Each structure stands twice: as structure tokens, then as C-alpha cells.
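Commentary on secondary and tertiary structure
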Amino acid sequence: VVLKNSITVMESSAKQETQPKPRLIVRLGVFLASHHILFSVICCSAGIIALLLLPSLAKNTYLSENALIPGSANPLFSTEDAIEANRFMKGIEAVAGDSIGGIDMAKFIAQQIEDMGAEVCYHKFLPHSKHFHPLKFFTSMSKDMAIQPNGTDTNFGINTIGIIRAPRGDGKEAIVLVTPYNSQRVHSNELLSLALGFSVFSLLSRAAWLSKDIVWVSADSQFGEYASVSAWLNQYHNPVFLSHSVISDTKIYGADHIYDGNTEKGEFKAFKRAGTMAAALIFKVGQTRRYGDRDSVTMYAEASNGQMPNLDLLNVVHYLAVHRQGFRVNIAAFSSLLSSAWLRVISEFFHTLGTVLRKINPDWKLDIAVPDYVEGTANLANSIYNQALGVPTGSHGAFRDYQVDAVSLEFSPTFNVRNENAKSLFLLRGGRLVEGVVRSVNNLLEKFHQSFFLYFLTAPSKFISVGVYMIPFALLLAPLPIVAAALADGRKTMEKLAEKSIDDNKANGSAGFLQSKGGSWKWLQAAKVLFVIQLWAVLVSLLPYYITQIPGATPMQSAVIWAMLSIVILIALYVMFGSPYSAGVEWKLLKATMITSISIGLGLMSIINFATAQLGALIVIPMCLFSRPLKARSGMNFLPRAVLLASNITLAALGFPPAALLILKGLSKGSWTVAVGDFWVWMEFLWEWSSATYLYLFLVHLPCWLLCIHVLLHPCRQAESKMKQE
Amino acid sequence: MARPPPPAGPILFPSLLLPFLIATAAAASAAANEEFTEELLLRPLPDRKALAHFYFRSSAPPAASIGRHHHLFPKAISQLVKKYHISELELSFTQGRWNYEQWGGFDPMSTSNAKPPGVELWAVFDLPLSEIDATWKNLTHTLSGLFCASINFLESSTSFSAPRWGFKLNEGNLRYGALPREAVCTENLTPWLKLLPCRDKAGIASLLYRPSIYKGYYHSQKLKLRSSQSLGIILDQTLTVVLQPNTISGKQVQSNHGQLQPSWSMRHLFNRKLSEKCFVSKSSRIFIEVDKGIVDKVNKSGSDLSWNNEFFVLSNGPDRLIKDLNNLEVQSSSIYEYDVSNYTEENPFDVGITWKLPLIWSCTPSPFHASRFLMGSGNERGSIALSFMSTNLHKKKFGSTNDCSIKAVIFQIVPWYVKVYYHSLEIFINGNQKPVSEVVDKIHVTPSEDKLLPGTLEMVLRFPCSMQSATLTLDFDKGFLHIDEYPPDANQGFDIPSALVSFPEFTSARNYPEIDPLLGSPLLENFQEDSVVKSYTEVLLVPLTTPDFSMPYNVITFTCTVLALYFGSLLNALRRRIGEEERELKKTGKLIIEFLFLENSNPHLTSLNSTAVTRHGLIPQLLAKLRGQKVDPTELGSSSESIGSKKLLFKVVFVAVAAVLFHYFSTNS
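Residues numbered from 1 in each chain as written. Chains lettered and ligands numbered in written order. Predicted model: local features only at pLDDT ≥ 70, side-chain atom pairs only at ≥ 80, totals over all residues. Heavy atoms only, no water.

1. Describing the overall build of chain A
Rules: A helix here means a DSSP run of H or I that spans at least four residues, while a strand means a run of E at least two residues long, and both kinds are numbered starting from the N terminus. Exposure categories follow from relative accessible area, calculated using a 1.4 Å probe and restricted to protein chains: below 20% of the type maximum is buried, above 50% is exposed, and the middle band is partly exposed. Here a residue-residue contact requires only that any non-hydrogen atoms of the pair lie within 4.5 Å. For accessible areas, the Shrake-Rupley method is used with a probe of radius 1.4 Å. Any residue's cover is judged against the shown protein chains and nothing else.
Looking only at helices and strands, chain A has 27 helices and 11 strands in total. By residue count, 53% of the 726 residues in chain A fall in the buried class. For chain A, long-range pairs separated by at least 24 residues make up 83% of all intrachain contacts whose partners lie at least 6 apart in sequence. Carbon and sulfur atoms make up 63% of the accessible area of chain A, which amounts to about 31,800 Å² in all.

2. Considering the confidence of the model for chain B
Should the pLDDT be low somewhere, the predicted coordinates at that spot are not to be read in detail. All names here are of chain B. As a reminder, the rule being used: For every residue, the pLDDT score states the predictor's confidence, bounded by 0 at the bottom and 100 at the top.
Here chain B averages 82 in pLDDT, while 82% of its residues score no lower than 70. Of all the helices and strands in chain B, helix H1 (residues 12-30) carries the lowest mean pLDDT, 43, while strand E4 (residues 118-125) carries the highest, 95. Between residues 248-256, whose pLDDT stays under 50, and residues either more than four places distant or in other chains, the model counts 20 contacts. Per the prediction output, this complex has pTM 0.84; the corresponding ipTM is 0.84.

3. Concerning the environment of Phe567(B)
Positionally, Phe567(B) belongs in helix H13 (residues 552-575). Sequence spacing of Phe567(B) and Phe494(B) is 73 residues, and the spatial spacing of their C-alpha atoms is 39 Å.

4. Observations concerning the sheet that holds strand E14 (residues 352-355) of chain B
Residues and elements named next belong to chain B. Heads up, the rule is: By the convention used here, strands pair only if DSSP detects at least 2 bridges between them.
Pairing within the open sheet is antiparallel, and its three strands lie in the order E9-E14-E11. Two strands lie at the open edges of the sheet, namely strand E9 (264-265) and strand E11 (312-314), each paired on one side alone. Across two bridges, E9 lies against E14 in antiparallel orientation. Counterpart to serine 265 in the pairing with E14 is glycine 352.

5. Description of the packing of aromatic side chains
The description of two aromatic rings rests on the distance between their centres and on the angle between their planes. Residues and elements named next belong to chain A. Heads up, the rule is: In summary, the pairing rule links any two rings of Phe, Tyr or Trp, Trp by its six-membered ring, whose centres are within 6.5 Å, and it sorts them by plane angle into stacked for under 30 degrees, edge-to-face for over 60 and tilted for everything else. A ring is considered to have a charge above it if a Lys NZ or an Arg CZ atom is located within 6 Å of its centre and within 35 degrees of its normal.
In this structure the tally under the stated criterion is 59 aromatic pairs over all chains. With a centroid separation of 4.3 Å and an interplanar angle of 40°, the aromatic rings of phenylalanine 456 and tyrosine 469 are classed as tilted. Highlighted residues: phenylalanine 456 in strand E10 (residues 455-459) and tyrosine 469 in helix H16 (residues 466-477), separated in sequence by 13 residues. For the pair shown, phenylalanine 456 and tyrosine 469 are each scored as buried. Ring geometry for phenylalanine 656 and tryptophan 705: centres 4.5 Å apart, planes at 35°, overall tilted. Residue phenylalanine 656 is found in the loop between helix H23 (638-655) and helix H24 (657-669), and its partner tryptophan 705 is found in helix H26 (residues 692-712); the two are separated by 49 residues along the sequence. On the accessibility criterion, tryptophan 705 (14% relative accessible area) is buried. Members of the aromatic cluster, joined through ring pairs, are Trp562, Phe679, Trp680, Trp682, Trp687, Tyr694 and Phe698. The ring of phenylalanine 156 has lysine 124 lying over it, and the distance from NZ or CZ to the ring centre is 3.7 Å.

6. As for the sheet that holds strand E25 (residues 532-536) of chain B
Residue and element names in this part refer to chain B. What counts is decided by this rule: For helices, the fitted axis covers only the stretch in contact; all axes are lines through C-alpha atoms, and the angles between them, taken along N-to-C directions, range from 0 to 180 degrees.
Overall, antiparallel pairing links the five strands, which are arranged E20-E21-E17-E24-E25 in an open sheet. On the outer flanks of this sheet lie strand E20 (440-446) and E25, each paired with one strand and no other. On average, each strand axis in the sheet is inclined to that of its neighbour by 15°, with strand direction left out of account. Relative to strand E21 (residues 455-464), E20 is paired through six bridges, and the arrangement is antiparallel. Across the sheet, residue valine 440 finds its bridge partner in E21, namely leucine 461.

7. Observations regarding helix H20 (residues 555-577) of chain A
All names here are of chain A. The criterion, for reference: Take the number of residues in a helix, subtract one, and multiply by 1.5 Å to get its expected span.
Look at H20: 32 Å from first C-alpha to last across 23 residues, which is about the 33 Å you get at 1.5 Å a residue. Along H20, the residues that are buried comprise Ser558, Ala559, Trp562, Ser566, Ile569, Leu570, Leu573 and Tyr574. One or two steps after H20, the chain reaches glycine 578, where phi turns positive at roughly 90°.

8. Looking at the pattern of salt bridges
Residue and element names in this part refer to chain B. Here is the rule we go by: A pair is scored as a salt bridge if a Lys or Arg side-chain nitrogen falls within 4 Å of a carboxyl oxygen belonging to Asp or Glu.
Applying the stated rule across the entire model yields 40 salt bridges over all chains. A salt bridge links arginine 285 to glutamate 337; the nearest nitrogen and oxygen atoms lie 3.1 Å apart. Here the residue arginine 285 occupies a position in strand E10 (residues 283-290), and glutamate 337 occupies one in strand E13 (residues 331-339), the gap between them amounting to 52 residues. Here arginine 285 and glutamate 337 have matching classes, each one buried. The salt bridge partner of glutamate 485 is lysine 451, with a shortest N-O separation of 3.6 Å. In this pair, glutamate 485 is assigned in the loop between strand E22 (469-478) and strand E23 (494-496) and lysine 451 in the loop between E20 and E21, connecting sequence segments 34 residues apart. Residue lysine 451 is classed as partly exposed on the basis of its relative accessible area of 42%. Within this structure, Arg43, Asp107, Glu289, Asp291, Asp324 and Arg510 form a network of salt bridges that share partners.

9. Let's talk about helix H3 (residues 75-84) of chain B
Basically, it comes down to this: In this description, one arc is meant: the one made by directions from the helix axis to the C-beta atoms.
Within H3(B), burial applies to Ile77(B), Ser78(B), Leu80(B), Val81(B) and Tyr84(B). Projected down its long axis, H3(B) shows its buried positions confined to an angular sector of 155°, all on one face.

10. Digging into the pairing of strand E9 (residues 405-412) of chain A
Residues and elements named next belong to chain A. Most of E9 sits out of view: seven of its eight residues are buried. The pairing of strand E6 (residues 276-285) with E9 spans seven bridges and is parallel. Counted as the bridge partner of lysine 284 is glutamate 410 from E9. Where strand E7 (residues 296-300) meets E9, five bridges bridge the pair, whose relative direction is antiparallel. Following the sheet pairing, threonine 298 is matched in E9 by glutamate 410.

11. Considerations on the side chain of Ser498(B)
All names here are of chain B. Put simply, the rule is: Polar contacts, as counted here, are pairs of nitrogen or oxygen atoms within 3.5 Å of one another; within protein the pair requires one atom able to donate a hydrogen and one able to accept it, and residues that are adjacent in sequence qualify only if both atoms are side-chain atoms.
Summarising the element assignment, serine 498 is placed in the loop between E23 and strand E24 (500-507). A distance of 2.8 Å separates a polar side-chain atom of serine 498 from the backbone oxygen of threonine 537. The contact partners of serine 498, leaving out residues within four places of it in the chain, are Pro116, Pro117, Arg372, Tyr536, Thr537, Glu538 and Val539.

Written out as C-alpha cells, the structure is:
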């Protein structure tokens, strides 16, 4: 293609040699604009092919930071610690059986920590109320003050926090370990994860090699794992000093007072802090599996708005889990893709292509095995999807909001809970893994900065860095400015041609001549339409704030109200500013404006959340490029025209946000039915997590879709009517 | 030393002997005045650890009486004192944090020997104010050479400050600096030991077995100098370590209650035996101190506080029991004293404590537990918060009067790249915001200047006694550093040195009425001095924006590309004249046509122009022909051109395919 292009460029340059030479870049632009259809087809297909090639372009991960040296020290976690964990588990099981609320468990954990000689404190928090704050991701978290339980609330969660001060450390930095458990409905595997956390913590309290403090948070996840950790982090970073009075304070902190144990002081336990957090590790024991030969660990890393922890942290976990403790490491995948037939066909095609290419140049290693490709694609799809959604996949997301690298590990053991031997073995290996990760992070002198922050994972040990995954997006985005320029320019040249040929063919030329009277300011009309639609989109995106105020509305009612209000606003805006067709905007100009706005929107979104922009580009760009009025006359035959019409309509249908929801649901869960209310629930989910995807959907995607519909339904009357006038 | 080099031969002997003779003579005259004492204080701590405090004092009489030579006193120090006119100096190297809650915050040990992590140096000069800064710089370099540490980083004006009253009352001749990141190890201990007359070869210093003292939880070596015309020079060297005694069972048991405290002895703690005293020392003593908590418990149980009581037993009977009586004549702590001068290598000295009953006690805390932390996140701004938690000490001290107030002095240095907005000071007492004027008695702020001065905050606060908790917050912006100013490992973040909080109304002086003032124990004298209760807060780590240091190449290439594009287009736009170019183009076209025409029509002229043709060569000719063809569009037109380009295209594609196929088959075979 490049060759062809260059040759044609040469040709065209040869052509223009006689005329005063314009600049090369201008000539290139003019040339591309004149071939914009070919160019956009080539670019878009290249973009999609590059996207499909991503799993074969994935590189193996490697440790960038030499200070980590994972696995270089022998683990100290011994069978004695596993016994300690078992003892702890028996104790907490007894407590959990007796207690009704969660306070007894917190007390038990605190007592154990205190006996160990470490510092302990409680943190009480309330569940997060659902707020509509779509712009929250812009403002820093410091604006968001900690919520403190006030006296009237009885329903609160208690996190128990243990802190080990490093014996010879200076206390500037800390490593955080988190084990979530639900204090209201106690589950045996959650107790097992608490026991694992406790045994690691007790080992670390005896470690002489610590240089960073260790904070162990046993997070009460009765309101969700994320809520507890984020409440604690908020209190840690943005505490509120204003309270009503100490007397009421002690009342509120009743739970803190319950526990005075043997301390004669009786002072209430103040919130305790360690230094700046270096990294956080969240681990929990999931459901035991019956199948599978090895215990496995699943890593979750996606935080809000596509942010990822430093790749080195994942590398350390993966290295220690696989090469030291013999776990199988997984990352979440789209399981429906694993068995899809079309993916297999594509992978076989790429495999054969790869083998051929490899024979040409042995350095091109594109021929990855079919199962690898399929698995890589399933993992990659999940990775892109989770990043694009902008919602954290676990409580590690709360850490990323404070620039702390964090990863969640979910152990899936393969043993029966009653099998004590297997359990001890699992505790031993799990404990050694956590100890090893802590030890590696403890070795760090600087914070994580060496390795990648922008990447997709195709396997636990394979990644695609930003330099590679930008290519498909850039290819998809490249034709947009060219097409916009071509459309805007094409109208002008048409006029010029018309002027030239005015003498020869009066019937055709007069229309163009008349049109050209409008001058080059014609685009202002199109810009006005764009402005009105953007205004509408802003209003629609803000509507949920008012709709959420309606008490007791079901999701379905809310969704219907939302849709109705949006339509009413659109009609009202048209009444105020005039309908887009009444001003006589040409569809080509409208399309050019739309394409310009979408390229700006996608460009901006790619900075905020790349994965969203990538997925959005995949849907929006074909829709934009194909869009053409249904009534437009063309010199095409019936068949191509029908194909064009059909693809137009399908793409426009796919571009409608609820349709996208349906497809996503179908892909991820396999159910192809969707209720009206689901859309509302989905949107609620997005703004609750302050995901930028919500803004993208309503400020970029929706106006683009509406403009597309406008283009499709364009009457194409002006030209004809003017001709008739002639 | 200015003597001419002595000739070889018989004169050598007296020349070698001469300095020796002078030295002995000097020693004879000054021996009465130069003194050295060595002491060690051991103390069990409530959290199952043990504290060891080494105290060495060397003193030299006023300079006039002894001249330039010293018998015992380290010459390096006396030269330093004389050269820089130091009247007071304190240098401490610390690793680990003093645990004010567990190890006490109200005794002489914590007020004068608990130091912030890293290096802390302050000095008072006996010099005119204008010369002090320059002298300080020289002093830091000297000390840095003397102690193998990077104290010279304190030379830059951005790292030291001159507090007036927040740290220590002075007339502007005090300089204070701290390096929180300085690592402390044996390389700093060795030069420190070299200042002792017996080094670590004999005496109490021989207990300093490196593996055991560096294994501890807290390690602080300090050097304190005082010099005046009347006193001479007094050098106090202290080493404070907190060690975890190895229990007999091997495994350390953390639990505090229901279990015996670990029993330990000196041999256990240090892995060394104390065989004999340093012979030049005037006195050599070991003390075992038991806290007020233990004393109270023992007294409550009704038994006598002898060395062998209900709770514990000491392995040796002490030479003396020294009791500390506070103002109300209530015994607070007591010290068992041992004199080690009588022990020899055959009969080494060892003392230890063996617990009989489980005992839980706590040390007296300071009136408020002060801690400091950072708030906010991100690379833009944040806040420093200083929180005070009342330990309700005043109730014990002054009864339960709630209408009194407690004075607290805060001294804080902030590096310039943490731009503190001092006006944003907010004070919350018991959860209510208080106006600053209500709480702050006196405040002195030296604002920071970029790359020149650190910010210094000195503040006197007055807290009501009924206060349970108070928090002070100060907002700051994070600055940007120039790329050269980043220290190594810049991605770790930047340190804010510890703040010092002192409570001038509380003093930690011990009172030993029974002690003989002539006993001459500098350690106990030091304990009896009036020292204000103070505590250091944590060091803070502020993450600042750091450039990607590993990518200077990328930065260079990017900036160069941008610059090249910019200047290229600018030059192009400035000096290009399009109208003229068009004319030129037309002219050359015409010329070529004329030339071709001439060439074809007039063979006589070819000889004239042959030089020009040969000089042009083949390609320009071809080009010229091409141009000539194109100028004449009527006959050949675009059809031949498109055919030509298609041919060219075909050729190129053919060659490419052939190359690929060749490669494919050649690698295949």
C-alpha cells in the first residue's frame, strides 16, 4: 500500500511539476483527500487487522526494577506459621459463631494483633451513598472528605487495622496488606483469608529485615470490598478534624471503647497512620474448586478509568506464584470467546500467515499457536473491556485513586475445607507468596516507576505496551481528518467545476452557481447544528441528577422518564434554534462537522481512558464514515446501493448506546434480552463509580450518533428544489 | 614541625626522643586536669526490650593552661573547637525511631537522647553574626570528613536554618540542620570510637560488638561539645541502643501479658564480656535503672526495693542504690550502681536481670503525644497535619484542675520545594476549629525562598488542660526542581525533617538527694540537669513530580525535532519569495527549450555549448527532456505519461515479488 501510495504520489507530483509547486505536505494532503474513500477503507481495515493481531504482538513481561529481586531470599514462612494460622482460624470461627454483629470479630482480630506486640486501631465507616458525580474523576480525591458515622447510625462497618513499625526503619513508607471479610455473613473461605493475613502479619512482626512499615487492614466488606477500603483510605489521606464534641465522640466510638482489654489507660484508640504507601496487596481466598490439578491465583489489577498498577508489581506476583510457589496464575477472561468458532478461524488464518511470514524473515514471530491466540484474545478482550468500563475490578481501585500501586489476588484452592493437611499446605504456599511480595516491595528504595503503567494483558505473563496498542487506534483515527477535509473541499471543487462548466451545461451549473453564493461561510450552519446537538447531549447527561431525586422510582420508570425528557429537550431546542434541515445544511458539510467533532472527542478520550476510546472508535468510526443520506442520489447500481443502505442502517443501530449494552451483555453473559430498566441500571453503575466512560457516552458518542441519524434522514431536497426553481 | 630534616646518624635518636619528652612533660602538667569517665546505663523496657546507654565524657581544661597538646582529650575535637569558635555543638546519628509511647517520653533518656532518624547537627558559635554562616559551612565539611558521613550536604543554605527560640534560646548564633535520609552504620561508629582514649579495646566501649548493637530497634550515637573559657572543653559521647534480648527458648514471644519479661544479662545483650576498665578513665560505672512503674509495683506489693525482690533479681549485688525523689518526695525510679574498676580479665564483670513474676508497667509519657502526617494525594498540593493526643499527664501532675493551660513549642523546618502557606494554619481542638489567635501565643515564621532558604516555623501554643486532641494543619504546594537538583533515587520522594515539639513547663530532671556531688558521675549529673520535655515527630516523605531520568535521549530528540521543524518553516517563510521562484521556473523552462531547440537546429553552436552539456551529465539531460516533453502537452499528453508510470509500477511490483519469492524459497530450502 505504501509503495502504491508513494508511486501515485510521485505520479501526482510529476503532474504538478509545471505549476508553481505547493508544499509537499499540502500536496500529500490534497492527494489523500482526493482518494479519501480508498484511504479510509485501507486505514480502517488495517486498524481492525492490527487490533486482531495484538495477541500475537504481545511480549513477555520482564522485571524492570532490579531492586525487587523476587525470590532471592528463602521464605521464612514455615509450618509453624501455618499452625498459627489454623489456631487463629479456630479462634475466629468460635467468635464468629457466637457473635451477631461484626464487632466481636473485630475485637478478636485486634486482640490477636495486640498480643503480637503490634499497634492496632479501628476504623468505623458508613456505606457510600449513591451520588451522581460524573465529573468526579477530574477533581482530585482531596476534595472528597471522609464520611464519619454520626451518632444515630447503627449500621456501620468496622475495619481493624494492625501496624508493624519496621524495627530500624524510619517510618516514611508503608506496605499495605488487605484481607476483606464480611462481618455479617461469615464464610469459611473468608476466615481462611483472615487466617492467612494474620499468619503473614505475625511473621512480619518478627522480621528483622523490614524497612517499611506494614499495615494490615482486615476490611469489613459488608457494604462491598471497595467501600470499606476506600473509606479507610479516605480517612487516612483526608481526615476530618471537625466533630461535635469529645463526649459525643466517645459515644460514637462506642465500638472503640468496648475494647479496652487490659490497657489501664482506657483512652480511646485514635486512628493510626504509617507513612506514604509504597504498594498494596489485597488477597482473599475464593471458593474452593473441585476440578483442576493446581491451586490457582487470579490477579485483578484494573482500577478506575483504565488506570493500571505498575507492571512490575504484577510481574513480582506472577514470578513468585508460578516459579516459587507453584500456583497457576490466571487473569479474568471473556469465557464466551474461548469457544467461539470465528475466533478460531481467524487464529488459524493468522497462524498460517505467520508461518509464511516467518519463512521470509525469521525475526517476524507472528505465528503463535491457535489455542494461545484464542486465550490471548479472550484475556485481551476482558482487559480492554474492564479498562474501557472505567470501573475498578476490586478494592485495589481505591488505592490507585491515591497513586498507590495495588493488585488483588484471589486464591482458588482445590482442596476440601475439611482436609487439614491440604489446608496447611495451601496456607504455607499462600503465606510464602505474600511474604515474598512484601519482601520484594520492601527492597524498593524508590516507588514503582520503572515499568509500564499503560498496558493490556493478554496472559498473566504477556503484555501489550502502549506503543503497540496505539497503532490500531491511530490507524482508525487517521482517515477522519482527511475525510472531513475531503468532504468540505469536495463541495468547493464541485462548485468550481460547476462554475467552469457553466457555459457548457447550464442546467447543472446554475445550481452550483447559486449554491456558491452562500460562500465559504456555509459551514457555520453545520456548526450550529453541531452546537445544538452538543448542548442537548450536555443536558441529557445531566438529567439523571434530577431523575435520581425522584423518590421510589424503579429503574424502568427512570429510564423512560429520561428518554422522554431527552426527546422533549431535543424538540424544544429545535423549536428554539430551528430544525437542522430548515436552514438548508448540506449533508456533506454536516458529515464533515460530525467527523471533526468525533475525532476531537476520541482524541480527548484517548488521553483520559484509552481503552474506551479504542472500543468507541471501533463502533463510531465505521458508522461515521459510512453515513450517507438514504435519499441521496448516486450513480450506483442497485446492489452496491442496497449494501450501502443496509450497512448504514445496521451501523446506526449498533451505534445506539442501549444496543451496545445489549451486545456487551450478550458477549459477556450470553443472554440476549435486555429490559428498559437495565440501561438505567447500567448508567447508574457508571456514574456511581465516577467513570469517564459515562461522559464519553453522552458527550461524544450520543451526539455523534444523533448527527449520523440526521445525515441518514437528510432529505437532500435543497439541490433538487433549487434545480426545480431554475 | 618547621624544624629542618635531621641528618642521618647519631642526631636521629634525640630527634625521635624530643617529641616524646615534650609529650610526657605536657602530660605531667595537665594530667590532673584532663579527665575521662565511662558509664553504661541499662534499663528494661515495658515492651520486652532493653535499653543500653553508653556515656563517655572527656574533658580538657581551658586552652591556656595546657597549650596545644593533649593527654586524653582527642586532638581533632579540640582543634575543631578552637578553629570554629564553637561554644556548643551536638551531632547525632540515629537509626530507627524512638517509641515515645512504650519507651517513655518524660525521662532524661527520651528528652535528651531520643533523636530524629538520620543526622541532626546544631552548633552555637562564639563569633560575630556575619561570620557564622561561613563558619558553619566549614564546620559541616570538617565533621563530614571526621565522621565519614555526608554532613557536608548541610552546607547549602537550603538545608540549615537559624532558629531563635523554637529550638533553643539563643542570640542568633545557633545553626540547625538535619539530614533525615543519612544511613548510619559502623563507618560512622569507628571514627566516633577513635575519639575515646581506649577506643573499643578496653573498658565499657569493648562491649560494642557491632552485630549485636546494630541489630537493635533504635541506635543513636551522639557527640556533644561544650566549650567556654572557664570550663575548657567538655566532650560527651553517648550511644543509646534499644535491644531485643534473646530469650532462652529461642522464639521471641510477643505477648505482653501473662508471661515473664525476658531475663537478660550484659553478656546476652552484647555478646561480649566486660573484663576490665579503661585504665585512663577516672571512673568506670554500670547502672541498672528500674522505671517508676516497676518501683511503684514493688512498693505496692509491700516488699523492699532491694536487688533481690519479689519481682526480679539482679545477678550481682549492687555497690549502691540511688533513688530518684521528685518534688513531692515520692520515689520515682531507682538506679543500682556497679563499679567495674575492681574486675579483671580473669574475673569479668557481668550483670543481668532475672524476672520472677510477670510484670506490666508503662513509662511516663510526655504531656501530649505528638505525631505528624501528610494529607491529600497527588503531585500538586497537600497538607501537613500535626496532631496532639493528650496523655492526661497534667491530671497526675497538677491534680484534676481543668482550667489550666499547657504550653507547647513547635519548631519545624520545611525544605523550599514544599511551599507551605503559613496563613492557612488551622487549629482544631477537640474537634472544633479555634481561631489561631486564641491558641497561638507567639509565632515566628521565616518563609522559604526558592533554592535559597528553607522555611522555618517557630510557634508557642497554649492548650487548655481539658483538651483531649488537637490538630494543626498547614497547606502546601509542591514545587518543581531543576533536573540537576534532584538527588539520587529521586523517585523515592523528598523528606521533611522531623519537627520538634517541646513542653517548656515540664522538665524531666531527676533528683538524687542522696548522691554525693563529689561522686563525679557525668551521666547522673546529666540526668539531674533541667531539661525540657521534648519529642521529635516522624519524618515525612513527600512524593514530588519527577522527570523520567532514563529518557534524556527521547527528550533531546523530541525537542530537536520540534526546534528543527519550527526554524525550518520559519526560515522558509521568511526568505522564500514565491513570485520570483515562479519567474525563475518559467525562465529555466524557456532556456531549456531554447537550448534544445538550438541544439537540434544549429549544429555549429553545439561545440560552443558542449562544455555545458558534459558538465550537466546524463540525468539533467533526461530531466530536461522530460520537462521539454511536458511543456509541450499537445502531442504526447497524459496517456504516454500514465503508460510510463504504469510500466514503472509494474516493474517495481515485479521486482518486489521476485525478491520476496527468492527470499521465501532460499530460506525454505
